[in-house]
Amino acid sequence: MKHFLMIFALIGLLIPPIAMAEVDMETKLATYRTTIKAFATELKSELMAAMKTGGPIAALEVCNTKAIDISKKISDKAGFTISRTSLKPRSTAPDAWEKKVLETFEDRKSKGEKANALQFYEVVKLGKHRALRYMKAIPTDVACLACHGEKIAPEIQAKLDELYPDDKAIGFKEGDLRGAFSIMEILR
């Protein structure tokens, strides 16, 4: 009986950390997806309201003024950082890790994966800490093309030039990978 308990205890020491790590990671990823959905929903709601009242020019103002505030509010509430970036950024260029992931997303998409299914996570060293990093692709929808498409109306282009003098976030077609949501959480 004593031998049996010792084997059971050893197995107990080995198995729970593995199972716990899987459960913990799945829980974290579910939280990240929920947080991204909340961010995207709130931003889309603001953009649609602006489009309804003032068209694409008003929507550009929302992106320019409210997107960062929404990101900060949701990041503060969640306890980790959420942002958006792209290989063709309008404002926030990707860091080296994000750029590598975005390039991988482009490669995966070129091999047939759907843009809305692309995601990636990794634990990375960040100075003296470790961080869990997660990205989820943002596909280009038809509604995005007025401000991100190949043919942009002159008045919209003028506003883009005013708000984003170094804008690279144009020339997209429906279904293209426009960018990604990026999450970073410092692990304790």
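In the block above lies the structure referred to throughout.
Not measured: the values here are computed from a predicted model.

Assigned secondary structure in the chain consists of five helices and four strands. Within the chain, contacts between residues separated by at least 24 positions form 67% of all contacts whose residues are at least 6 apart in sequence. Summed over all atoms, the accessible surface of the chain reaches about 11800 Å², with 62% contributed by carbon and sulfur.

Here we take up the side chain of Ser75. Following the sequence through the fold, Ser75 ends up in helix α2 (residues 67-78). By relative accessible area, which is 11% here, Ser75 ends up buried. Once you skip the residues sitting within four places of it in the chain, Ser75 turns out to touch Phe80, Thr81 and Ile82.

This part is about the nonpolar core. Formed by 17 residues in total, the largest nonpolar core has its most connected members in Tyr32, Ile36, Phe39, Ile82, Tyr134 and Ile183. When residues of this core are traced back to their parent elements, those giving at least two are α1 (2-65), α2, β3 (129-139) and β4 (177-187). Setting aside its immediate chain neighbours within four residues, Ile36 contacts Ile82, Tyr134, Lys136, Phe181 and Ile183.

Counted at 1.5 Å a residue, the expected span for α2 with its 12 residues is 16 Å, and the 16 Å between its end C-alpha atoms agrees. Inspection of α2 places Ala67, Ile70, Ser71, Ile74 and Ser75 among the buried residues, and these make up the whole buried set. Angular distribution of buried residues about the axis of α2 spans 130°; they occupy a single face of the element. Turned more than 90 degrees from where α2 packs its buried face, Ile68, Asp69, Lys72, Asp76 and Lys77 sit exposed. At the exit of α2 stands Gly79, carrying a positive phi of roughly 90°.

Pairing is antiparallel in the open sheet, where four strands are placed in the order β1-β4-β3-β2. In this open sheet, the two strands that pair with only one neighbour each are β1 (81-85) and β2 (119-126). Put simply, the sheet's adjacent strands are angled 25° from each other on average, direction ignored. In the sheet, β3 pairs with β4 via 10 bridges, with the strands oriented antiparallel. In the strand pairing of β4, Ala131 is matched with Ile186. The sheet strands contacting helix α3 (residues 96-110) are β1, β2, β3 and β4, and the helix crosses β3 at an angle near 40°.

A word on the environment of Gly79. Its place among the elements puts Gly79 in the loop between α2 and β1. Each C-alpha atom of the pair Gly79 and Glu185 lies 7.7 Å from the other, and the pair is 106 residues apart in sequence.

A few words now on the packing of aromatic side chains. Counting across every chain of the model gives four aromatic pairs. Judged by centre distance (4.9 Å) and plane angle (75°), the ring pair of Tyr32 and Phe80 falls under edge-to-face. With a gap of 48 residues between them, Tyr32 in helix α1 and Phe80 in the loop between α2 and β1 connect regions that are remote in the sequence. Taking relative accessible area as the criterion, Tyr32 reaches 1% and is therefore assigned buried. The class of Phe80 is buried, set by a relative accessible area of 6%. The interplanar angle of 40° and the centroid separation of 6.1 Å between the aromatic rings of Trp97 and Phe120 together place this pair among those described as tilted. Of this pair, Trp97 sits in helix α3 while Phe120 sits in strand β2; the two residues are 23 residues apart in sequence, bridging distant segments of the chain. In this structure an aromatic cluster arises from ring pairing among Tyr32, Phe80 and Tyr134.

Calculation rules
- In this convention, every chain numbers its residues from 1, walking through the sequence in written order.
- Reporting in this predicted model follows two pLDDT cut-offs: at least 70 for local features of residues, and 80 or more for side-chain atom pairs to be given and counted; totals over whole chains, interfaces and linings ignore these cut-offs and use all residues.
- The basis for every side-chain value is the complete set of heavy atoms in the structure, and neither hydrogens nor water enter the calculation.
- Where helices and strands are cited, they refer to DSSP runs of H or I of at least four residues and of E of at least two residues respectively, numbered from the N terminus.
- By definition in these notes, contact holds between two residues if any of their heavy atoms fall within 4.5 Å.
- Exposure was quantified through the Shrake-Rupley algorithm and a 1.4 Å probe, taking into account, for residues, occlusion by the shown protein chains and nothing else.
- Categorising residues by exposure relies on relative accessible area from a 1.4 Å probe, with only protein chains included: less than 20% of the type maximum marks a residue as buried, more than 50% marks it as exposed, and the intermediate range marks it as partly exposed.
- Nonpolar cores were defined as sets of buried Ala, Val, Leu, Ile, Met, Phe, Trp, Tyr and Cys residues, with membership established by side-chain atoms within 4.5 Å.
- The span expected for a helix works out to 1.5 Å for each residue beyond the first.
- What the arc describes is the spread of directions from the helix axis to the C-beta atoms.
- The rule for pairing is simple: two strands pair if DSSP sees at least two bridges between them.
- Here an angle of 0 to 180 degrees is reported between the N-to-C directions of two axes, which are lines fitted to C-alpha atoms, with helices fitted over the stretch in contact.
- Each Phe, Tyr or Trp ring (for Trp, its six-membered ring) is paired with any other whose centre lies within 6.5 Å, and the angle between the two planes then decides the class: stacked below 30 degrees, edge-to-face above 60, tilted in between.

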